[in-house]
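Given next are the chains, with one letter for each unit.
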Amino acid sequence: MVTKGALAAILVLCWALTAQGHLVQVRERQRVKVVGVKQTDDWWKTAVFYQIYPRSFMDGDGDGVGDLQGVKAKLQYLKDIGITGAWLSPIFKSPGVDQGYDISDYYTVDAIFGGNAALKKVLTEAKKIGLKIILDFVPNHTSDQNDWFKLSSNGTKGYEDYYVWHEGKTNGTGQKVPPNNWVSVFKGSSWSWHDQRKMFYLHQFAPQQPDLNYANPKVMEEMKKVLTYWLDMGVDGFRVDAVPYLMEDKRLRNDPLAPGRKYDLNDPDCVQRIYTKDIDETFEVVYAIRSHVDEYTRKRKLATRVLMSEAYADPDKTMRYYGTSDGKKLGAHFTFNFNLLTMLPNKDFKVKDIVKAINTWMNNMPKIYTPNWVLGNHDNHRAATRLGSENVDAFNALTAFLPGIMVTYNGEEIGMTDGQVTCEQGQDPVATKDCSTYNETSRDFERTPMQWDDSTNAGFTTNEKPWLPVAENYKEINVKKEKASQSSHLSIYKALLQFRKEHLKPSKKDKLAVVEQPTKVLKVYRENDQGNYTLLYNIADSPVKVDLTKQKLILTTKPSDQRKAGSILEDITLEPHESVILKSA
Ligand SMILES: *[C@@H]1O[C@H](CO)[C@@H](O)[C@H](O)[C@H]1NC(C)=O
Ligand SMILES: *[C@@H]1O[C@H](CO)[C@@H](O)[C@H](O)[C@H]1NC(C)=O
Ligand SMILES: *[C@@H]1O[C@H](CO)[C@@H](O)[C@H](O)[C@H]1NC(C)=O
Ligand SMILES: *[C@@H]1O[C@H](CO)[C@@H](O)[C@H](O)[C@H]1NC(C)=O
Ligand SMILES: CC(=O)N[C@H]1CO[C@H](CO)[C@@H](O)[C@@H]1O
Ligand SMILES: [Ca+2]
Ligand SMILES: [Ca+2]
């Protein structure tokens, strides 16, 4: 989608690059994309959000499982490195069939994390030091242990339609079968029979996670009450889970088979989810959540409470979770951009893959919205393992340098790798079901405890047995050791966040270009009210020389005596895997 305005900008930019001494070839000219990122200065638009996986972050009471007492003790650490806000993976009361994504009580923090009182203390402390706290909100489904499901399944008046129920169909041999072919994301039919209600209920995930029925306005009212409850307690926003699955086709039409696939209940990808994912009505639910939260803050004249949504979807669908392109209806403040995860699955990436990951987002996102960059989360191998430890600093630099919001998964700032976990030690319920495929399917590797220091269990817990084993390399990779070194992942990360704060302030005039130049070197160019900035990243195993016209070195991921911040350079020989940030002098 290249408008006339964008084309004009491309030409201007090519000229600008040329003026800086870079040879811009016609072939490359076509690759240059410019996006006018207009940023007003609301707090979240240039925020750095830090995802805390509470079980693995810090154990405050010594039972081996991370908790909110632990989180509270480490808030100052987050503030010190420059984080704007932390979002916590689910902490609500849950039987734990899906690691907290099956909530039995939306108003109660699970005792294992310290209960509601512990969350209150986290919020008070966070406010004191100026850190935002975001909770995970799981609207699509509850646990089957939730009172609402119990009331609905025993037919209590008023609750009959809180979930999606159906009598089913009768097949040739007179047995009850599900009403259609919908396949659960976790395998099997999306419908399970309920003996008491004598009906099928819908579950897009596990059978213990029945889907709420958003066609029933009472359900939306319940969820608004839940949001209000936590807003009243003082949270700064919500990360909204699994939004694409909120609503399903009213007529219950069959999802068509995926091209070349046979219908197989053990293959969640055998169908195209056109009637069970990203349907039009779903966007309306997200917009309703947003207006509820906005109304809450408007009435009380509070700072923005932010909504971030999780959606692995096609680019055009993903963008609709932000809101309509004219901004008349608003959804999440931002919808997670997983391109750097999904388009760079391993070390074999090329510069053009990075360029594509960035431009795909920027070209699809309506200009009124704010981009964001996610490098890792609790469902994907860690950046150091996926992309190589030698590339971690450069990718932290890239996400810090790009416009908009930066999202960091806990441990990525110190370059943590995946830990070693056997199926017997494993905790990921979906993966431990079948040990023969555990190595491929488990998400435990990226969930091993945070490495704080070189003492037993990396300072994560005083218990002999942490809930997952600590990664073997904790004596080398830990916060304490990295704090003491200028060239550590942590020190570079901290310097990057400081650079953002000083140089990438919200700006009316904001341009971005991403190209490969020269071969093996990624070049990202940003122009804002404060100046013209260039990030260079050499992905190669050998040095690459790049000509420059009078650039001041601001920051490098390979600090040394030869590389002094502030020096004016006419050229630079980038070390293997080095990334530098320069400013036109
Ligand atoms: C930044 O680039 C623009 C456009 O290429 C140019 O007009 C401006 O002078 C540059 N600013 C600095 C500080 O180099
Ligand atoms: C239905 O379940 C609820 C919640 O468990 C319970 O309080 C209620 O008594 C039950 N009603 C009937 C009719 O079984
Ligand atoms: C009817 O459904 C039952 C239970 O799923 C199954 O065992 C049986 O084979 C089905 N009969 C026909 C004719 O499909
Ligand atoms: C899983 O990985 C571990 C460690 O690399 C290895 O020892 C084990 O044999 C693997 N298990 C299977 C089933 O491949
Ligand atoms: C990244 C993420 O949080 N994924 C979650 C999406 O929702 C399902 C169901 O609630 C969870 O199982 C995933 O972990
Ligand atoms: Ca604990
Ligand atoms: Ca649903």
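Residues numbered from 1 in each chain as written. Chains lettered and ligands numbered in written order. Predicted model: local features only at pLDDT ≥ 70, side-chain atom pairs only at ≥ 80, totals over all residues. Heavy atoms only, no water.

The name given to the chain in an unreviewed UniProt entry is alpha-glucosidase, with Callosobruchus maculatus as the source organism. Comment text from UniProt for the chain, heading Catalytic activity (unreviewed entry), reads "Hydrolysis of terminal, non-reducing (1->4)-linked alpha-D-glucose residues with release of alpha-D-glucose." Taken directly from UniProt, the Sequence similarities (unreviewed entry) text for the chain runs: "Belongs to the glycosyl hydrolase 13 family." (UniProt positions renumbered as here; feature names shortened; annotations may be inferred.)

A. Broad picture of the sheet that holds strand 17 (residues 521-528). What the six strands build is an open sheet, ordered 16-17-18-21-19-20; its pairing is antiparallel. Sheet topology places strand 16 (511-516) and strand 20 (568-574) at the edges, where each strand pairs with a single neighbour. For this sheet the average axis-to-axis angle between neighbouring strands, irrespective of direction, equals 40°. Here five bridges tie strand 18 (residues 531-538) to strand 21 (residues 579-584), and the two strands are oriented antiparallel to one another. (Pairing = 2+ DSSP bridges. Helix = DSSP H or I, 4+ residues; strand = E, 2+ residues; numbered from the N terminus. Axes fitted to C-alpha atoms, helices over the stretch in contact; angles between N-to-C directions.)

B. Quick peek at the coordination of the calcium ion (ligand 6). Protein coordination at the calcium ion (ligand 6) comes from D59 (OD), D61 (OD), D63 (OD), V65 (O) and D67 (OD), with a distance range of 2.2 to 2.3 Å. Site description for the calcium ion (ligand 6): donor spacing in sequence, D-x1-D-x1-D-x1-V-x1-D. According to the relative accessible area criterion, D63 is partly exposed, its value standing at 36%. The class of D67 is buried, set by a relative accessible area of 0%. (Donors = N, O, S within 2.8 Å, 3.2 Å for Na, K, Ca; no water. Buried < 20%, exposed > 50% of the residue type's maximum accessible area, 1.4 Å probe, protein only.)

C. Highlighting the packing of aromatic side chains. In the structure shown here, the tally under the stated rule is 32 aromatic pairs. Ring geometry for F395 versus Y537: centroids 5.7 Å apart, planes at 80°, classification edge-to-face. Here F395, found in helix 14 (residues 392-401), pairs with Y537, found in strand 18; they are 142 residues apart in sequence, far enough to count as distant. Accessibility expressed as a relative area gives 0% for F395, which makes it buried. For the cation-ring pair, R300 lies above Y296, with the distance from its terminal atom to the ring centre recorded as 3.6 Å. (Phe/Tyr/Trp six-rings, centres within 6.5 Å; stacked < 30°, edge-to-face > 60°. Lys NZ or Arg CZ within 6 Å of the ring centre and 35° of its normal.)

D. Structural view of the site of ligand 3. In the vicinity of ligand 3, the residues found are N171, T173, Q175 and V177. Measuring from an oxygen atom of ligand 3, one finds a side-chain N or O atom of N171 at 2.4 Å. T173 places a polar side-chain atom, nitrogen or oxygen, 2.9 Å from a nitrogen atom of ligand 3. In the complex, the protein chains occlude 38% of the 360 Å² of accessible area that ligand 3 would expose alone. Considered class by class, the residues forming the shell around ligand 3 number one nonpolar, three polar and no charged. (Near = heavy atom within 4 Å. Polar contact = N/O pair within 3.5 Å; in protein donor to acceptor, adjacent residues only side chain to side chain. Areas by Shrake-Rupley, 256 points an atom, 1.4 Å probe, with all protein chains shown as cover. Nonpolar A, V, L, I, M, F, W, Y, C, P; charged D, E, K, R; others polar.)

E. Just a positive patch on the surface, in detail. Taken together, K350, K352, K356 and K520 make up a surface patch of like positive charges. Structurally, the position occupied by K352 is in helix 12 (residues 351-364). The exposed category is assigned to K352, whose relative accessible area is 53%. (Patch = residues over 30% accessible without salt bridge, like charges linked within 9 Å, V, L, I, M, F, W, Y side chains within 5 Å. Salt bridge = Lys/Arg side-chain N within 4 Å of Asp/Glu carboxyl O. Lys, Arg positive; Asp, Glu negative; His and termini not counted. Charge placed at Lys NZ, Arg CZ, Asp CG, Glu CD.)

F. Local environment of the state of the cysteines. Evaluation of the coordinates by the stated rule reveals one disulfide. Across a sulfur-sulfur distance of 2.0 Å, C423 and C435 are joined as a disulfide pair. Taking the sign of the S-S torsion, about -80° here, the bridge from C423 to C435 comes out left-handed. Within this pair, whereas C423 is found in the loop between strand 15 (405-409) and helix 15 (429-432), its partner C435 is found in the loop between helix 15 and helix 16 (438-441), the two being separated by twelve residues in sequence. Residue classification places C423 among the buried residues on the basis of a relative accessible area of 11%. (Disulfide = S-S within 2.5 Å.)

G. Local environment of the environment of L257. Inspection of the secondary structure puts L257 in the loop between strand 11 (237-240) and helix 9 (280-300). What makes L257 partly exposed here is its relative accessible area of 41%. Along the chain, L257 and S436 lie 179 residues apart, while their C-alpha atoms are 28 Å from each other. Discounting chain neighbours no more than four positions away, the residues touching L257 are K262, Y263, C270, V271 and Q272. (Contact = heavy atoms within 4.5 Å.)

H. Representation of unusual backbone geometry within the structure. The omega angle of the peptide bond from Q517 to P518 is -10°, so this bond is cis rather than trans. Mapped onto the elements, P518 comes out in the loop between strand 16 and strand 17. A positive phi angle, near 50°, is found at A242, a position not held by glycine. Positionally, A242 belongs in the loop between strand 11 and helix 9. One non-glycine residue, A458, lies in positive phi territory at about 55°. As for its placement among the helices and strands, A458 is situated in the loop between helix 16 and helix 17 (479-483). Among the residues examined, A458 registers a relative accessible area of 0% and is labelled buried.

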